Structure formats: C-alpha cells, structure tokens
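An overview of the molecular structure
Here's the letter readout for the chains.
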Amino acid sequence: MGFWDVLWGRSKPVRPDLDQLFALPSAAITLQAAIGFTPTGEGSVCFAAIEGGAFAQVQQEVRALLAADSGRGGAPVEFRRDSYGYSWLLSRRPPDDLPALVGDLHAVNTSLQDSGFGPHLLCSLVAFHHAELGRLALVYLYKRGSFYPFAPRSGNRRDTPLELQVRAVLKDDLRIEQDLSRWFPLWGAPGL
C-alpha cells in the first residue's frame, strides 16, 4: 500500500484464502459444544450468473470431480439459480461428514477460481440446525476472506442476538467479518 492510499483512506482488498474453509470442522465442534448446533450435511457456493460454453465445461468438471470423490453413483451436487439471479451449487453429505462437505466446497471454489471465474465467486455457506433455535449458516465471504453467522427466521427476519452470540463463540476458531454491514442476509439460499 502506498503513501497516497494511506492518505486517501484506501486499503488493499483482502485476498481470498480458501484454506480458511478447512477451519469449519473444528468450529462446528465448538459451536455444538457451546450452543448445540449440529451440521445438516448441506453446503453451497454462490456466484454471479455466468453464461457460455466455458462455464458449462466448468460445471461438468465440478460434477465429475465431486462424483468421483464421493464414491457414490451420480453427482452429489445441484446447480440452481435463485430469485435474485445468482447461481448456487449445493452439495449434500452425511451430517457427520463435515470434512468431506468442506472439501467439496473448497474444490468447487478452487475449480471456479482456477478457471478464471474467481471474480464471480461471492460466498460459500455450511448449514447447521438446532432443535429449538432453528437454522444457522456459517457464511464465508470469498472477496473478504472472512466468515459471519446468518440465522434466518420466518418472514424474512433474522435472529441477530443469536448471530452475535455465535460470533462471540467462534471468534477464536474462524476469521470473523468485523464489518457487520457485510453480514448480508441470504434469504432462500440452497441448503439453508
């Protein structure tokens, strides 16, 4: 960062560090011990809509990669488009196999990044559930290299006190996004 950047208050953007995703399994243990949330086995990657043959090729490669890795017949992923026009890739694993789910999300992000679609990546999320408190997602912001909790409730409301509690519980496990204005609601996100 140069002198003029400091003077004008500009800073370098945080570089994505996809290896941060591998901290999720240990964070899940902390989350379960402290609050009782357990993984659902679902996670997804969100990216800006991309059209064309190159992206279709990447979709096929991702399906093949994850199908070969899963050891199951058929692709363990679904591609969807939400009502806002964003594309999502949803991966499902057994709830007790969070490391494999995280591996899927890392592989998808890496494949898209390595294929030149990194600027289109927005976020990844892993879903959790609690019998009384409901649903929760830990969201990784690709362009910020940080996580935040998102606790949706019916009627497009969110449980902000729970999100702040999760932030406090996981502050030593994950790189938590400090700017609360970047804790975007992900209404209707696949897997959540």
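Placed above this text is the structure.
A brief structural summary. Computed from a predicted model, the values in this text were never measured in an experiment.

1. Some points on the overall build of the protein
- The secondary structure content of the protein amounts to five helices and eight strands.
- Listed N to C, the secondary structure of the protein is α-α-β-α-β-β-α-β-β-β-β-β-α in terms of helices and strands.
- A total of 192 residues make up the protein; the buried ones form 44% of that total.
- A sequence separation of at least 24 residues applies to 64% of the contacts in the protein between residues at least 6 apart.

2. Some thoughts on the packing of helix H2 (residues 24-34) against helix H5 (residues 160-170)
- At a closest axis distance of 10 Å, the pairing of H2 and H5 adopts a crossing angle of 120°. As far as their axial angle goes, H5 and H2 are oblique. As H2 packs across H5, the resulting crossing turns out to be right-handed. Along its contact with H2, which presents Ala27, Thr30, Leu31 and Ala34, the element H5 presents Val166, Val169 and Leu170.
- Grouping the amino acids of the contact of H2 with H5 by side-chain chemistry returns six nonpolar, one polar and no charged.

3. Side note on the environment of Glu163
- By the secondary structure assignment, Glu163 is in helix H5.
- The spatial distance from the C-alpha of Glu163 to the C-alpha of Ala137 is 9.5 Å, given a sequence separation of 26 residues.
- Beyond its immediate chain neighbours, meaning those up to four positions away, Glu163 contacts Pro149, Phe150, Ala151, Arg158 and Trp183.
- In this structure the side chain of Glu163 is engaged in a polar contact, spanning 3.1 Å, whose partner is the side chain of Arg158.

4. Side note on the packing of aromatic side chains
- Applying the stated rule across the entire model yields three aromatic pairs.
- Ring centres of Tyr140 and Phe147 lie 5.1 Å apart, and the angle between their planes is 55°; on these two criteria the pair is classed as tilted. When sorted by exposure, Tyr140 lands in the same class as Phe147, which is buried.
- Their ring planes at 70° and their centres at 5.3 Å tell us that Phe150 and Trp187 sit as a pair that is edge-to-face. Taken as a pair, Phe150 in strand E6 (residues 146-150) and Trp187 in the segment after H5 lie far apart in primary sequence, 37 residues in all.
- Phe150 sits in the buried class, given a relative accessible area of 0%.

Cut-offs applied
- Residues numbered from 1 in each chain as written.
- Predicted model: local features only at pLDDT ≥ 70, side-chain atom pairs only at ≥ 80, totals over all residues.
- Heavy atoms only, no water.
- Helix = DSSP H or I, 4+ residues; strand = E, 2+ residues; numbered from the N terminus.
- Buried < 20%, exposed > 50% of the residue type's maximum accessible area, 1.4 Å probe, protein only.
- Contact = heavy atoms within 4.5 Å.
- Axes fitted to C-alpha atoms, helices over the stretch in contact; angles between N-to-C directions.
- Parallel < 35°, antiparallel > 145°, perpendicular 65-115°, else oblique.
- Left-handed = near helix turned anticlockwise from the far one by under 90°.
- Nonpolar A, V, L, I, M, F, W, Y, C, P; charged D, E, K, R; others polar.
- Polar contact = N/O pair within 3.5 Å; in protein donor to acceptor, adjacent residues only side chain to side chain.
- Phe/Tyr/Trp six-rings, centres within 6.5 Å; stacked < 30°, edge-to-face > 60°.

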